[in-house]
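# Analysis of the macromolecular model
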Amino acid sequence: MFPDEGMEEEAVLDELRKKTSRDLTFNSGKILGSMCTYPHPLARRVLSEYLDRNLGDPGLHVGSQAVEMEAVGMLSNLLGLDKGYGNIVSGGTEANILAVRAFRNLANAEKPELILPESAHFSFLKASEMLGVKLVWAKLKEDYSVDVGDVESKITENTIGIVGIAGTTGLGVVDDIPALSDIALDYGLPLHVDAAFGGFVIPFARSLGYELPDFDFRLRGVRSITIDPHKMGMVPIPAGGIIFREKKFIEAISVPAPYLAGGKVWQATITGTRPGANALAVWAMMKHLGFSGYREVVRRAMELSRWFAGEIRRIPGVYLIREPMLNIVSFGTRNLEKVEEELKRRGWGISAHRGYIRVVMMPHVRREHLEEFLNDLKDVLTR
Ligand code: 0PR
């Protein structure tokens with residue numbers, strides 16, 4: 001009901017505190033299955049200071065827009081491009097929709113089709129429905145990466161592009177992007193890489209010596225990449241990233257917004273009014289941590305996931321779905337549903353809806369949390 005009279009601020013806050021007390025918090029260490037994390041203190045400061053900035057009207061917030069473009073520039077560099085074109089957006093969903101939209105608008109297909117791995121995130125279902133693009137699913141191999149031969153066999157004259165995934169949602173698998181890039185070049189098709197999760201992991205993990213395939217703009221077939229600062233980038237929600245190799249992709253999805261303060265401006269994003277503060281936080285975090293800072297975050301996460309996978313392997317009745325490639329470890333158990341239910345009852349933020357339990361080693365996850373979790377898991381299994 002809409003209140004007739006207002007309440008005191010403290011009373012409002014009290015009520016909110018009570019209502020949200022059932023939420024799990026990242027700080028508690030109980031959230032093991034999420035790709036989000038507790039935002040970095042610097043990012044929190046930036047957000048509270050610049051909450052009013054609106055990138056939907058960049059003529060008002062000229063400085064913030066320039067910072068957004070610098071952030072896009074830094075992300076492009078991280079992904080192997082001297083200069084890229086894109087935006088800081090609301091998340092991986094919007095970024096993926098923008099890529100599909102650009103591919104569709106640039107293609108001349110009567111019945112547009114997009115080829116993507118069976119492991120692709122459900123954001124592509126939204127893109128498909130909104131954009132009238134048919135999804136053509138490519139099979140996975142035994143190692144859960146996409147079967148590149150199957151991708152090639154599904155190319156038709158209606159194909160508008162191909163999607164590869166660098167860090168799948170369920171298992172953190174990195175597809176054979178070099179092979180997909182070759183196919184894309186052979187057939188003159190654009191390749192989109194969904195690195196919503198892996199974008200802030202793979203470059204750093206590789207520099208630590210982990211063997212992972214090339215996945216970014218260094219491969220000539222790659223035309224666009226989704227990379228989410230609100231996952232491993234430690235920026236508050238919402239902060240996604242879409243980067244295109246060439247300006248024509250942005251032009252293909254831009255609409256004129258003629259009456260804004262900046263004169264005739266063009267908008268490529270789905271959202272109109274959108275948070276400048278989060279884009280500034282993306283910029284601030286990259287400036288603050290730098291490559292070496294993020295590498296330390298990733299080092300910890302990768303080491304923890306290797307340790308955790310080793311512990312999982314030692315528990316009878318529990319098995320890894322596959323060796324982890326990134327900082328995601330997914331495992332199955334006997335009586336999975338009952339195990340999930342009991343772990344949740346004990347306060348763990350996990351889910352087994354895909355047929356296994358996914359543990360994402362986000363920066364808030366520490367070894368002592370995992371030890372406690374493993375003890376609970378062993379206990380539940382012996383009941
Ligand atoms: N692409 C990939 C590979 C993803 O894993 C995700 C999100 C997206 C795109 C879409 O990103 P946005 O959610 O930012 O639009 N994957 C997470 C998942 O489904 C999203 C998530 C995050 C779910 C935190 C739960 C959670 O607690 O697991």
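About the criteria used
- Residues numbered from 1 in each chain as written.
- Predicted model: local features only at pLDDT ≥ 70, side-chain atom pairs only at ≥ 80, totals over all residues.
- Heavy atoms only, no water.
- Helix = DSSP H or I, 4+ residues; strand = E, 2+ residues; numbered from the N terminus.
- Contact = heavy atoms within 4.5 Å.
- Near = heavy atom within 4 Å.
- Polar contact = N/O pair within 3.5 Å; in protein donor to acceptor, adjacent residues only side chain to side chain.
- Areas by Shrake-Rupley, 256 points an atom, 1.4 Å probe, with all protein chains shown as cover.
- 1 Å grid on protein atoms, 1.4 Å probe; cavity = no way out; pocket = protein on both sides within 12 Å on 5 of 7 lines; lining within 4 Å.
- Sits in = over half its atoms within 2 Å of the grid points.
- Nonpolar A, V, L, I, M, F, W, Y, C, P; charged D, E, K, R; others polar.
- Domains from an automatic or database assignment.
- Expected span 1.5 Å × (residues − 1).
- Buried < 20%, exposed > 50% of the residue type's maximum accessible area, 1.4 Å probe, protein only.
- Patch = residues over 30% accessible without salt bridge, like charges linked within 9 Å, V, L, I, M, F, W, Y side chains within 5 Å.
- Salt bridge = Lys/Arg side-chain N within 4 Å of Asp/Glu carboxyl O.
- Lys, Arg positive; Asp, Glu negative; His and termini not counted.
- Charge placed at Lys NZ, Arg CZ, Asp CG, Glu CD.
- Buried area = accessible area lost by both parts, 1.4 Å probe.

## Considering the environment of leucine 208
Its place among the elements puts leucine 208 in the loop between helix H8 (202–207) and strand S6 (222–226). Along the backbone, leucine 208 and lysine 378 are 170 residues apart, and their C-alpha atoms lie at a distance of 32 Å. Residues contacting leucine 208, with those up to four places away along its chain left out, are Arg295, Val298 and Arg299.

## Some points on the site of the ligand
Close to the ligand lie 18 residues, the nearest being Ser34, Thr93, Thr169, Asp194 and His230. Threonine 169 places a polar side-chain atom, nitrogen or oxygen, 2.8 Å from an oxygen atom of the ligand. Histidine 230 places a polar side-chain atom, nitrogen or oxygen, 2.8 Å from an oxygen atom of the ligand. Starting from 590 Å² of accessible surface for the ligand in isolation, the protein chains cover 77%. Counting atoms within 2 Å of the grid points, the majority share of the ligand lands in the largest pocket. Of all the elements, helix H4 (residues 92–106) adds the most residues to the shell around the ligand, at three residues. Of the residues contributing to the shell around the ligand, the split by class is three nonpolar, 10 polar and five charged. When residues are assigned to domains, the shell around the ligand turns out to be shared by domain 1 (9–39 + 291–381) and domain 2 (42–287), each giving three or more.

## Points about helix H3 (residues 62–78)
For H3, spanning 17 residues, the distance from its first C-alpha to its last is 25 Å, which sits close to the expected 24 Å at 1.5 Å a residue. Among all positions in H3, only Ser64, Val67, Glu68, Ala71, Val72, Leu75, Ser76 and Leu78 are buried. Those residues of H3 hidden inside the fold are in contact with strand S1 (85–89), H8, strand S7 (240–244) and helix H10 (276–313). Immediately downstream of H3, the backbone of glycine 80 shows phi near 90 degrees, a positive value.

## Quick notes on a negative patch on the surface
A cluster of acidic side chains, namely Glu152, Asp176, Asp182 and Asp186, defines a negative patch on the protein surface. Along the polypeptide, aspartate 176 turns up in the loop between strand S4 (159–165) and helix H7 (177–187). Residue classification places aspartate 176 among the partly exposed positions, given a relative accessible area of 32%.

## Considering the domain arrangement of the protein
When the domains of the protein are assigned, the result is domain 1 (9–39 + 291–381) and domain 2 (42–287). Each of domain 1 and domain 2 has a C-alpha centre, and the two are 26 Å apart. Between domain 1 and domain 2, the residue contacts involve 29 residues of the former and 34 residues of the latter. For the pair domain 1 and domain 2, the summed buried surface comes to about 2800 Å²; carbon and sulfur atoms form 75% of the total. Considering only the side of domain 1, the residues that lose the most area to domain 2 are Tyr294, Met325 and Leu326, jointly responsible for 26% of the buried surface there. Our enumeration of links across domain 1 and domain 2 arrives at zero salt bridges. Linking domain 1 with domain 2 are six residue pairs in polar contact (both at pLDDT 80 or more). Those elements that place two or more of their residues in the side of domain 1 that touches domain 2 are H10, strand S11 (328–333) and strand S12 (357–360).

## Some points on the environment of isoleucine 155
Following the sequence through the fold, isoleucine 155 ends up in the loop between helix H6 (148–153) and S4. Placed 152 residues apart in sequence, isoleucine 155 and tryptophan 307 show a C-alpha to C-alpha distance of 41 Å.

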